[in-house]
Amino acid sequence: MREGALAGRLRLAVVRLNRRLRAQRIDQTVSLTQIAALSTLHKCGALTPGKLAAKEGVQPPSMTRVITALEELGFVARSPHPTDGRQAIVSLTDMGRKFVEETISVREAWLDRKLAGLSEAERETLAQAAEIIDRMAGNE
């Protein structure tokens, strides 16, 4: 198989799987952008709005709107920065943490059901592919 053909097939497969996983949500009123910000806070811990925006690849004003909406939902809280009075620290609340963990659980349950329909050899192939994709993504 040509490298370009493999690259195209892999890209489409990853995009389609990601789209299906993202569709597995417990609350359709929370946007995917908001879920992504919550997930980053869950993974990285408390961050300044600027650092959160950088990690999410969005402009700070856009992240400010996301944080405000999440704060109104009770999923995040802002606290004063310990050394820079001009900044705040954004962290998950207990309700936000529970929401992220439930979202992860719903997505993994969907994926578990899909994996259960595969043969052992196919699951082993996917386990190897997951390691390779992690290396390609720089998550060694």
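Given the structure is predicted, the values throughout are model-derived calculations rather than measurements. (Residues numbered from 1 in each chain as written. Predicted model: local features only at pLDDT ≥ 70, side-chain atom pairs only at ≥ 80, totals over all residues. Heavy atoms only, no water.)

Within the chain one finds six helices and two strands. At 18 Å, the chain has a C-alpha radius of gyration far larger than the 14 Å of a compact globule built from 140 residues. A principal-axis box enclosing the C-alpha atoms of the chain has dimensions of 55 × 30 × 25 Å. Here the chain, with 140 residues, has 24% of them falling under the buried criterion. Accessible surface, the chain as shown: approximately 9,600 Å² in total, 54% of it carbon and sulfur. Both charge centroids of the chain, one from 21 positive and one from 17 negative side chains, sit 7 Å from each other. (Helix = DSSP H or I, 4+ residues; strand = E, 2+ residues; numbered from the N terminus. Rg over C-alpha atoms; globule rule 2.2 N^0.38 Å. Buried < 20%, exposed > 50% of the residue type's maximum accessible area, 1.4 Å probe, protein only. Areas by Shrake-Rupley, 256 points an atom, 1.4 Å probe, with all protein chains shown as cover. Lys, Arg positive; Asp, Glu negative; His and termini not counted. Charge placed at Lys NZ, Arg CZ, Asp CG, Glu CD.)

So, about the environment of Val90. Examined against the element boundaries, Val90 turns out to sit in strand 2 (residues 88-92). It is 44 Å that separates the C-alpha atoms of Val90 and Ala121, two residues lying 31 residues apart in sequence. Apart from the residues within four sequence positions on either side, Val90 is in contact with Leu41, Ala46, Leu47, Pro49, Ile67, Val76, Ala77 and Arg78. (Contact = heavy atoms within 4.5 Å.)

Together, Leu6, Leu10, Val14, Ile132, Ile133 and Met136 give the surface a local cluster of nonpolar side chains, amounting to about 510 Å² of exposed area. When contributions to the nonpolar patch are tallied by element, the ones reaching two or more residues are helix 1 (3-23) and helix 6 (120-136). According to the relative accessible area criterion, Met136 is exposed, its value standing at 61%. (Patch = residues over 30% accessible without salt bridge, like charges linked within 9 Å, V, L, I, M, F, W, Y side chains within 5 Å. Salt bridge = Lys/Arg side-chain N within 4 Å of Asp/Glu carboxyl O.)

Moving on to the pattern of salt bridges. Going through the model one piece at a time under the given rule, you end up with five salt bridges. Residue Arg97 pairs with Asp94 through a salt bridge whose shortest N-O separation is 3.7 Å. Highlighted residues: Arg97 and Asp94, both in helix 5 (residues 94-116), separated by three residues, approximately one helical turn. For the salt bridge of Lys98 with Glu102, the shortest nitrogen-to-oxygen distance reads 3.6 Å. A residue pair is termed a helical-turn pair when its members lie 3 or 4 positions apart in one helix, as Lys98 and Glu102 do in helix 5 at four residues. The exposure class assigned to Lys98 is exposed, which follows from its relative accessible area of 52%. Owing to a relative accessible area of 33%, Glu102 belongs among the partly exposed residues under this scheme.

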